[in-house]
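Breakdown of the fold
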Amino acid sequence: MEIILSAAIGILATSGIWLLLRPRSFQVIIGLCLLSYAVNLFIFSMGRLAPGRPPIMPKGGFVDPSNYADPLPQALVLTAIVISFATTALFLVVLIASRGMTGTDHVDGKERSQ
Amino acid sequence: MAEQNLLSILAFLPFVASLALLSLSHNAHRAAAWVSGLTLAAGVAILLGFRQTIATHGSLRGNIEWVPSLGLDITLRLDGFSWLFTLLVLCIGILVVIYARYYMEGQDRMPRFFALLLAFTGAMQGILISGNILIMVVFWELTSIISFLLIGFWHQSGAARDGARTALMITALGGLCLLVAMLIVGNIVGSYDLETVLASGDLIRQSDLYGAALTLFLLGAFTKSAQFPFHFWLPGAMAAPTPVSAYLHSATMVKAGVFLLVRFSPAFGGTEAWFYAVAGTGMITMIVGAVIALFRHDLKGLLAYSTISHLGLITALAGIGGPMAIFAAIFHICNHAIFKASLFMTAGIIDHETGTRDMRKLSGLIRVMPITSVLAITAAASMAGMPLLNGFLSKEMFFAEAVDWHNGTWLDNALPYLAVIGSTFSVAYSLRFIVTVFFGPTATDLPQTPHEPTPWMRRPVEMLVLLCVVIGILPALTLEPILNVAAQAVLGPNTPEAHIAIWHGVNAPLLLSVVAIVVGTFIFLTTARTVPNGPEGPPLFHMIRAQKIYDWLQLQISWRWPRSVFRRIGTEELQPQLRILVMASVLFATAALWRNLHFAQDLRLNTPSPAFGLMWLVGAACAIGAAWQAKYHRFAALVLLGGAGLITCLTFVWFAAPDLAVTQLLVEVVTTVLLLLGLRWLPKRREEIVEDTLRPAKIRRFRDLVIAVIGGSGIAVIAYALMTRPLVPNVGDWFLGNAYYEGGGTNVVNVILVDFRAFDTFGEIGVLAIVGLTVYGLLRRFRPSAESVEQPEQQKITTQEHLTDYLYVPSVIMLWMFPLLIMVSAYFFFRGHDLPGGGFAAGVTMAIAFLLQYLATNVRWVEARITVLPIRWMGFGLLMAAGTGIGAWIFGYPFLTAYAQYVNLPVIGQVPAATAMLFDVGVFALVMGATVLMLIAIAHQSLRASRLREQDEEDRAAKAKKAALAEEGAKAGMKETA
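Residues numbered from 1 in each chain as written. Chains lettered and ligands numbered in written order. Predicted model: local features only at pLDDT ≥ 70, side-chain atom pairs only at ≥ 80, totals over all residues. Heavy atoms only, no water.

1. Thoughts on the overall build of chain B
Note the following rule: For the purposes of this entry, the term helix denotes a DSSP run of H or I that reaches at least four residues, the term strand denotes a run of E that reaches at least two, and both are numbered from the N terminus. To get the radius of gyration, use the C-alpha atoms; to get the globule rule, take the number of residues to the power 0.38 and multiply by 2.2 Å. Relative accessibility under 20% of the residue-type maximum defines a buried residue, over 50% an exposed one, and the middle range a partly exposed one, all with a 1.4 Å probe and only protein chains included. Any two residues whose heavy atoms approach within 4.5 Å at even a single point are treated as in contact. The charge count includes Lys and Arg as positive and Asp and Glu as negative, but it does not include His or the ends of the chains. Just so you know, the charge point we use is NZ for Lys, CZ for Arg, CG for Asp and CD for Glu.
From N to C terminus, chain B includes 41 helices and four strands. The C-alpha radius of gyration computed for chain B amounts to 38 Å, which surpasses the reference 30 Å derived for 978 residues by more than 25%, pointing to a less compact arrangement than a globule. Viewed in the frame of its principal axes, chain B has a C-alpha envelope of about 110 × 105 × 70 Å. The 978 residues of chain B split such that 53% are buried. Counting contacts in chain B only where the partners sit at least 6 residues apart, residues at least 24 apart contribute 79% of the total. Taken as two groups, the 64 positive and 59 negative side-chain charges of chain B have centres that lie 8 Å from each other.

Structure (structure tokens):
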């Protein structure tokens, strides 16, 4: 299980980083999304991987924390998901505006000079 | 207690009044002047009320705790010295307000002017009465900033902007030095309290850091008081309106530096280094200022250099030290403020009435402006140190100190000579001012015909000149007792009392005065003809201008050097920057983990599930595919990205994170829609870009691939190592154990978000709001690129009839989903505290509900039917969240303390009703508002594009019509001629 998940994180990160280094703004935006998946999964996996034991408690009574998934990384990732949506939106707007002003979708606002 | 409160009122009243003034309408200059004058008068009244207390108790303290852990209190402290100085600042402030009221008559933005003036008074007063040296530095910097605004008040003029900027740069840099000095001193003494610091002079002088602290401290004081070689900002600041000059350069701003020198002389003074640095600099400044003043043609320029010279005199006195020197320094601070303020005001009156300040044009004014002239001549005589005027008395004391034996060093022996040289030139430039401006033939070529000013404009000058004379004749009755209290406040209660007498008999100081007057007159007479035709500076030395050196330095430091460094090591291209960033993080991670990354002996493993493996096979294919296709097949890449997102979402489900799964799924939807909306504005790309097939591009791609693979596999290894390590108990366990009892909810993730770590969430929704507004703001300015304005091809090939029926069934379904989605959203929201859901999920769901309406129909259709006010929702959300947090204060708990209880509702049953729920309402409203705002803002671009298109067509039609008409007209014309 762990090896699959870490391989998955690795592949998402690789694709993300590769796209991040590309010249077209749309590539970069997709790269950022992929990278944010990787990072979210990475942070999430720092807690216990506890299939089928969500951090939802019975009402009252004594609880043994080790019977549940770790809620803290989950809380961190939850806000991260929403914020990464916001940054994607912001970047998209910068992309559109830069395209409108410079006439190209190259990240530097001009085509690579030969 | 009452006195403490009065002290606080004294300190903060100018700022409050300043804010109030800003709310006045821009032409309410009379009201503004009254408010300012009365505010300052109230300050004077409070001060006079304190007089008895100060005289008997020595000092008065007020304390407001601010950051006790850092030793940072807002301590106010008033003693004899600061009392006298504050009184001076406020009284001259009142006179300047009266003067400005008439001088600036008819000017624009007067409430703003008076507001700045008051704020400046407040800041200056803050330096004087703060009892904590860090707070003092804060006020110190505040005077720099407000003086920048005041000097640059006429910001239309380039000279004003330059002068203001130079003043700010020099004084603010000095302020930074001062801050560091104060931190060092605080460190040495162990307290930032002014009284403690002043009492620990021995400790400071014996410290190893004394040299550094002294240097930095003096840099602060010298820059503010325009001491050589930092003097040049002061003449540049003359571009300010004259009332500002009269205030800043007489009683305030520049006096702050000498105030500091006098105030801290018990702490820093008494050493040889202090004597050389302070007395030496003071003497140099005094002579340089006086010599240059003689050569200036501008009235205000002459006064500016004269101010520099007199500040040098006071600095020298502070450097000499000892009871008499400090007494003389305080005395001269008062005298100089009085005569210099009046002289600046007179210069302003002359400028106002004649239209020029050039001494080469002005002449014979005594015949047309007799009263003003007499006033100015008296004040200038005081400046020159003529007997029976106040300037004479303090100058005599200065001479006495210069002649006295102090430490027998060469500087001490040279003091009398230097003092005489300085005052000789002082006499010479005062004479030049008096003789050229007021005597001689009546000037004829003035821009305006001069006459006496409005009486009220002259009143402040009259008051000040009257003071010059009264103090000059009756010093013992007027200032002497107050000065003694002030000197005792600086040097301790055992300081011997000084006496000011007009006649001491024939002694060394008197002889020096006579020498200065005689030689000064002689210098004036010999230069009277040559100076007006010469350059504005002493022979030869006028080539070296401190201002020019400063400009050159500034150009180098702030423009040339950074640019040359940037050219060498920087780039404006994003790709190399990102590459460096990625490689640096890989390097740092490797360096940090090298030999430190261990795999656990006994790997903690879950049994692999083939289904999970298959799932990620698809996920990996999607991720790689998205990376592969993102350049030429954006839509495909987008779909593949969604695939990877869905698999991520399923992973959250698999590993028991239902909240994450819900949020991820919903956000996935909006992200995809968002990107789809964005696709419309990107350039078409069907053909291979030629360059991509070239060798360099291939090399680049390969290099990036290597970097990416290294980075990705690194992350994978770290993730694996961490996932398989043995568990350690962490704070998450505490959350699990206490969520129900402390937070009143069973969904621990939600309880963490809205209760335990609600403050973090508050910050995060704040970020979301900022991003939403930024997106909105950016798009309001955005103009789509010309080639994207055209109708998309897909729309061109379909006819209008097809368009109306386009996706008819899905759109009907989407319309009907609206209420359903609202219900789902509500469901998510209410179960959030106990079961997966919550404000984030509910907010995004609600946003999707709105979004679907836009998708199903079109912008115009939706906005004709539903009023969506995303910005208000966002505001409401933030207020709600903050309000819930503040609500806890009412019950005496810290910000955002939650209270939880279950409430029994009829029909529905037990419902968790925690105050955290209200906070979650805020989260919900904000998330919804921000998401809708961003999506709508982007969607509206299409509307704008179509509007542009329509306008284009109309323009074209109109043009065609015009052309047709013109053609017809031409034809008709031809017919007629035919």
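2. With respect to the overall build of chain A
The test is simple: Accessible surface area values rest on a Shrake-Rupley calculation with a 1.4 Å probe, where residue burial reflects the displayed protein chains alone.
The helix and strand tally for chain A stands at three helices and zero strands. The secondary structure elements of chain A, listed N-terminal to C-terminal, are α-α-α. For a compact globule of 114 residues, the expected C-alpha radius of gyration is about 13 Å, and chain A comes in at 19 Å, more than 25% above that figure. Judged by the C-alpha coordinates and their principal axes, chain A covers about 70 × 30 × 15 Å. Counting every position in chain A, which comprises 114 residues, the buried fraction comes to 68%. Of the contacts formed within chain A by residues at least 6 apart in sequence, a portion of 51% connects residues at least 24 apart. Accessible surface, chain A: about 3,600 Å² in total, of which carbon and sulfur atoms supply 68%. When the 8 positive and 6 negative side-chain charges of chain A are each reduced to one mean point, those points stand 5 Å apart.

3. Quick look at the domain arrangement of chain B
Residues and elements named next belong to chain B. Defined as follows: Each domain's limits were defined by an automated method or a database of domain assignments. The salt bridge criterion pairs a side-chain nitrogen of Lys or Arg with a carboxyl oxygen of Asp or Glu, the two atoms within 4 Å. Each residue receives one of three labels: charged for Asp, Glu, Lys and Arg, nonpolar for Ala, Val, Leu, Ile, Met, Phe, Trp, Tyr, Cys and Pro, and polar for the others, Gly being one of them.
One can read the domain layout of chain B as domain 1 (1-268), domain 2 (272-528), domain 3 (571-682 + 697-728) and domain 4 (749-978). Here the C-alpha centre of domain 4 lies 29 Å away from the C-alpha centre of domain 3. Contacts between the two partners involve twelve residues from domain 3 and, on the opposite side, 22 residues from domain 4. For the pair domain 3 and domain 4, the interface holds zero salt bridges. Partitioning the side of domain 3 that touches domain 4 into residue classes produces ten nonpolar, no polar and two charged.

4. Focus: the UniProt feature "transmembrane region" (unreviewed entry) in chain A
Cut-off, in case you're wondering: UniProt positions are given in the numbering used here, feature names are shortened, and annotations may be inferred rather than shown by experiment.
In the numbering used here, UniProt assigns the "transmembrane region" (unreviewed entry) feature to residues 6-21, 28-50 and 75-97 of chain A. The distance separating the terminal C-alpha atoms of residues 28-50 of chain A is 34 Å; by composition the span is 78% helix and 0% strand.

5. Overview of the side chain of T845 of chain B
Locating T845 of chain B in the fold gives a position in helix 38 (residues 839-856). If we skip the residues at most four places from it in the chain, T845 of chain B touches L666, L821, V824, S825 and F828 of chain B.

6. As for the nonpolar core
Residues and elements named next belong to chain B. Defined as follows: Only buried residues count toward a nonpolar core. Its members are Ala, Val, Leu, Ile, Met, Phe, Trp, Tyr and Cys residues joined through side-chain atoms within 4.5 Å.
Membership of the largest hydrophobic core comes to 198 residues, with the highest contact counts inside it found for F113, F114, F217, F264, F268 and I330. Top element by residues in this core is helix 16 (residues 323-354). It accounts for 19 residues. Built from parts of two domains, this core gets at least three residues from each of domain 1 (1-268) and domain 2 (272-528). Sequence-distant contacts of F268, that is, excluding residues within four places in its chain, are made with V185, I204, R205, Y210, A213, L214, F217 and W274.

7. Looking at the pattern of salt bridges
Residue and element names in this part refer to chain B. Counted according to the given criterion, the structure contains 20 salt bridges over all chains. The partner of D298 in a salt bridge is R357, with the nearest N and O atoms 3.0 Å apart. Of this pair, D298 sits in the loop between helix 14 (272-295) and helix 15 (299-320) while R357 is found in the loop between helix 16 and helix 17 (365-368), placing the two residues 59 residues apart along the sequence. The partly exposed category is assigned to D298, whose relative accessible area is 22%. Looking at R357, the relative accessible area reads 22%, which means it is partly exposed. Residue D358 pairs with R360 through a salt bridge whose shortest N-O separation is 3.1 Å. On the accessibility criterion, D358 (19% relative accessible area) is buried. The class of R360 is partly exposed, set by a relative accessible area of 47%.

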